[in-house]
Amino acid sequence: MQRTDDFIDGYLDYVRILQTIDRVCAYAWTTITSPTEQRVQFHMGYDDNVSVWLNGELRFETHGGSPVVIDDERFDGLLQPGRNHLLVRIANLEPGWGFILRVTSSDEEVLEELRYEVPP
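A quick note: this is a predicted structure, and the numbers were derived from the prediction, not measured.

Undergrad: I keep staring at the overall build of the protein chain and nothing clicks. Help me out?
TA: Of regular secondary structure, the protein chain possesses one helix and ten strands. Counted from the first residue to the last, the protein chain has its helices and strands arranged as β-β-α-β-β-β-β-β-β-β-β. When each of the 120 residues of the protein chain is scored for burial, the buried share is 40%. Taking as baseline every contact in the protein chain between residues at least 6 positions apart, the subset at least 24 positions apart corresponds to 78%. About 6,900 Å² of surface is accessible on the protein chain, with carbon and sulfur atoms providing 49% of the total.

Written out as structure tokens, the structure is:
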């Protein structure tokens, strides 16, 4: 396991972190703490294939294609009160790989009350 806070404007660039390696995948895991149960919207940008699980439920998945910039892909989720586990799998098919993911309210407002942490 490798921890990082090496982001460029929120983009987790695996070329910088793990180098450019074709035909591999990596996982990113974080915990989102919510004070209440609430519907949220995820805004995603990625380079190559990506899958996203929220609390063990597959919420989003792609299979190839061109890089996508933030806000081009959106999907909904339900945060439970307390800790919510978010797992992202990113696969690299050709040079360049990474992702950016942000969480907003259903009305696309920033949710200041959410807390993010890397599990121990």
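Undergrad: Which parts of the structure should I look at to understand the nonpolar core?
TA: If you look at soluble globular proteins, the nonpolar side chains tend to sit buried side by side. Within the largest apolar cluster, 22 residues are counted, with the highest numbers of intra-cluster contacts made by Phe 42, Met 44, Tyr 46, Val 50 and Val 52. Those elements giving two or more residues to this core turn out to be β3 (24–34), β4 (38–47), β5 (49–54), β7 (68–79), β8 (82–92) and β9 (98–105). Per-element tally for this core: the top contributor is β4, with four residues. Filtering out sequence-adjacent residues up to four positions away, Phe 42 remains in contact with Ile 32, Leu 54, Glu 73, Arg 74, Phe 75, Asp 76, Gly 77, Leu 86, Leu 101, Arg 102 and Val 103.

Undergrad: Explain unusual backbone geometry to me, please; I cannot follow it from the model alone.
TA: Leaving glycine aside, a negative phi is the common case for residues, and trans is the common case for peptide bonds. Even without glycine at this site, Asn 55 takes up a positive phi of about 50 degrees. You can see Asn 55 is positioned in the loop between β5 and β6 (57–61). Phi angles above zero are rare outside glycine, and Glu 108 is one such case at about 65 degrees. By the element assignment, Glu 108 lies in the loop between β9 and β10 (115–117). For Glu 108, a relative accessible area of 39% translates into the label partly exposed.

Undergrad: What is the right way to look at the pairing of β5 in this model?
TA: Within a regular beta strand, the side chains point alternately toward one face of the sheet and then the other, so they alternate between its two faces. Here β5 lies mainly inside the structure; five of its six residues are buried. Sheet topology places β5 next to β8; six bridges connect them, and they run antiparallel. By the bridge assignment for β8, Val 50 is matched with Ile 90. Both β5 and β6 contribute to a ladder of four bridges, which runs antiparallel. Residue pairing across strands places Leu 54 opposite Glu 57, the latter belonging to β6.

Undergrad: Would you explain the pattern of salt bridges in this entry?
TA: Any two side chains of opposite charge can pair, so long as their charged atoms come close to each other. Enumeration over the complete set of coordinates arrives at three salt bridges. Between Arg 74 and Glu 108 there is a salt bridge whose closest N-O contact spans 2.5 Å. Of this pair, Arg 74 sits in strand β7 while Glu 108 sits in the loop between β9 and β10; the two residues are 34 residues apart in sequence, bridging distant segments of the chain. Judged by relative accessible area, which is 37%, Arg 74 ranks as partly exposed.

The rules behind these values
Residues numbered from 1 in each chain as written. Predicted model: local features only at pLDDT ≥ 70, side-chain atom pairs only at ≥ 80, totals over all residues. Heavy atoms only, no water. Helix = DSSP H or I, 4+ residues; strand = E, 2+ residues; numbered from the N terminus. Buried < 20%, exposed > 50% of the residue type's maximum accessible area, 1.4 Å probe, protein only. Contact = heavy atoms within 4.5 Å. Areas by Shrake-Rupley, 256 points an atom, 1.4 Å probe, with all protein chains shown as cover. Core = buried A, V, L, I, M, F, W, Y, C linked by side-chain atoms within 4.5 Å. Pairing = 2+ DSSP bridges. Salt bridge = Lys/Arg side-chain N within 4 Å of Asp/Glu carboxyl O.

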